[in-house]
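# Structural characterization, general
Given next are the chains, with one letter for each unit.
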Amino acid sequence: MRKAILILSVMALCGVALSCDKAQSPFDKSSIERTERELDMYRFALQARENWVVEYFPDEDLSYGGWVYVMQFREKNAVQMWFEGSTFVGEDPVTVSEYSVEQGSGPMLKFRTHNDYLHWFTFPGGPAGSDYNAFEGDFEFKIMSVSPEYDKIVLRGNRTGNTIVMTPLPQEYTPESYIETVRNDQIALTPLNMKLVVNGDIIGSLTRTNTTVTGSFEKYAASKVWTLKYGNVTEQVSAICLPGRVLKFYAPYVFKEDTLPHLMGQTMQTFKWQLGELSPLDCFVCTDSFMEIKIEQ
């Protein structure tokens, strides 16, 4: 009798488990469908614009500055790339490889086959000539956001955690002319030492070890990293150059000392080259600070 009761109890429990599984199946299916719809939206977003300008900062410590790519995401998972560093990679002006949008630790953009430009920063040795020490870059990115108008996509490097910003290529440029303008604007910036001026007072300096040498990765990268000094503060800031002689730090720099009244806590990030009455008066002017901040020669 006890054995019969035990068998009936086990059968009843199995029935409950089976009914639970059946009840969960529609939910599981709808969850998968929602995820796939989300991924389809990201796939559509990548192709919604013909070309994207990609502001890419490799290395968790931001040791190599920021680099400009132009990417075109095409059908059949093909991506075409232009890179400001093509002058030292030594390959053609444009390369083509494969990409995918898939679910990982959230929606992911992955560059699945080797691309001489993007993978320059990610794989040691080989044609990159990195002496078997890779430059700590990413080739897999978490998709953080897409604007409703498909005019801005924000990624985060899976390895470095760095933020990568994608915006549509301005209509007045081709991919080739955009990359060439970036390089020419960087070459035009020749000073190694510049003064940091806030509200008319010189409070510090920005220095770097090299001007831009497009044929050498080491010297090219060194031209993008500046040492900022003011008061008792000495820090490195990593910058990217954009057309129109725009110098942009990776993130807003937050002042840590009141070298001037109310300076601490103020930020600066984006600078635009401004011509003075005489060439020695040419300078960078900060476009996103509440204070008047300039970088002068």
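Since the model is a prediction, treat every value here as computed from it, not as a measurement.

Turning next to the overall build of the protein. Along the protein, the regular secondary structure elements total 4 helices and 16 strands. Counting all 297 residues of the protein, 44% fall into the buried class. Counting contacts in the protein only where the partners sit at least 6 residues apart, residues at least 24 apart contribute 48% of the total. Carbon and sulfur atoms make up 53% of the accessible area of the protein, which amounts to about 15,600 Å² in all.

This part is about the packing of aromatic side chains. Taken as a whole, this structure holds 29 aromatic pairs when the rule is applied. The interplanar angle of 15° and the centroid separation of 4.4 Å between the aromatic rings of Tyr-69 and Phe-83 together place this pair among those described as stacked. Of this pair, Tyr-69 sits in strand E2 (residues 67–73) while Phe-83 sits in strand E3 (residues 78–83), and the two are 14 residues apart along the sequence. Cation over ring: Arg-245 sits above Trp-273, and NZ or CZ is 4.3 Å from the ring centre.

Taken in spatial order, the 8 strands line up as E9-E10-E11-E12-E13-E14-E15-E16 and close into a barrel, and their pairing is antiparallel. With direction set aside, neighbouring strand axes in the sheet form an average angle of 30°. Across 6 bridges, the pairing between strand E11 (residues 225–230) and strand E12 (residues 233–242) is antiparallel. Bridging from a neighbouring strand, Thr-227 pairs with Gln-236 of E12.

Among the 5 residues in strand E7 (residues 153–157), 4 count as buried, and that is most of the element. What sits between strand E6 (residues 140–146) and E7 in their antiparallel hairpin is a turn of 6 residues, with Tyr-150 showing a positive phi close to 55°. Between E7 and strand E8 (residues 163–168), which pair antiparallel and follow one another directly, the connecting turn spans 5 residues, one of which, Gly-161, has a positive phi of 80°.

Residue position: Phe-88 is located in helix H2 (residues 86–89). C-alpha of Phe-88 to C-alpha of Glu-218: the two residues are 130 residues apart in sequence and 9.7 Å apart in space. Not counting residues within four places of it along the chain, the set of residues in contact with Phe-88 comprises Trp-67, Phe-83, Trp-120, Thr-214, Gly-215, Ser-216, Phe-217 and Tyr-220.

A few words now on the sheet that holds E3. Spatially, the 8 strands close up into a barrel ordered E1-E2-E3-E4-E5-E6-E7-E8, and their pairing is antiparallel. Pairwise comparison of adjacent strand axes, ignoring direction, gives a mean angle of 35° for this sheet. Here 6 bridges tie strand E4 (residues 94–104) to strand E5 (residues 106–111), and the two strands are oriented antiparallel to one another. Bridging across to E5, Tyr-99 finds its partner in Phe-111. Sheet strands in contact with helix H3 (residues 175–188) are strand E1 (52–56), E2 and E3, and its direction is about 175° off that of E2.

This part takes up the layout of surface pockets. As a volume, the largest pocket reaches approximately 190 Å³. Together, Asp-61, Leu-62, Glu-235, Gln-236, Val-237, Ser-238, Phe-249, Tyr-250, Ala-251, Pro-252, Tyr-253 and Lys-256 line the largest pocket. Where the lining of the largest pocket is concerned, the elements lending two or more residues are E12 and strand E13 (246–254). Of the residues that constitute the lining of the largest pocket, the class distribution is 7 nonpolar, 2 polar and 3 charged.

Rules of the game
- Residues numbered from 1 in each chain as written.
- Predicted model: local features only at pLDDT ≥ 70, side-chain atom pairs only at ≥ 80, totals over all residues.
- Heavy atoms only, no water.
- Helix = DSSP H or I, 4+ residues; strand = E, 2+ residues; numbered from the N terminus.
- Buried < 20%, exposed > 50% of the residue type's maximum accessible area, 1.4 Å probe, protein only.
- Contact = heavy atoms within 4.5 Å.
- Areas by Shrake-Rupley, 256 points an atom, 1.4 Å probe, with all protein chains shown as cover.
- Phe/Tyr/Trp six-rings, centres within 6.5 Å; stacked < 30°, edge-to-face > 60°.
- Lys NZ or Arg CZ within 6 Å of the ring centre and 35° of its normal.
- Pairing = 2+ DSSP bridges.
- Axes fitted to C-alpha atoms, helices over the stretch in contact; angles between N-to-C directions.
- 1 Å grid on protein atoms, 1.4 Å probe; cavity = no way out; pocket = protein on both sides within 12 Å on 5 of 7 lines; lining within 4 Å.
- Points joined across faces, edges and corners; volume = space filled by probe spheres on them.
- Nonpolar A, V, L, I, M, F, W, Y, C, P; charged D, E, K, R; others polar.

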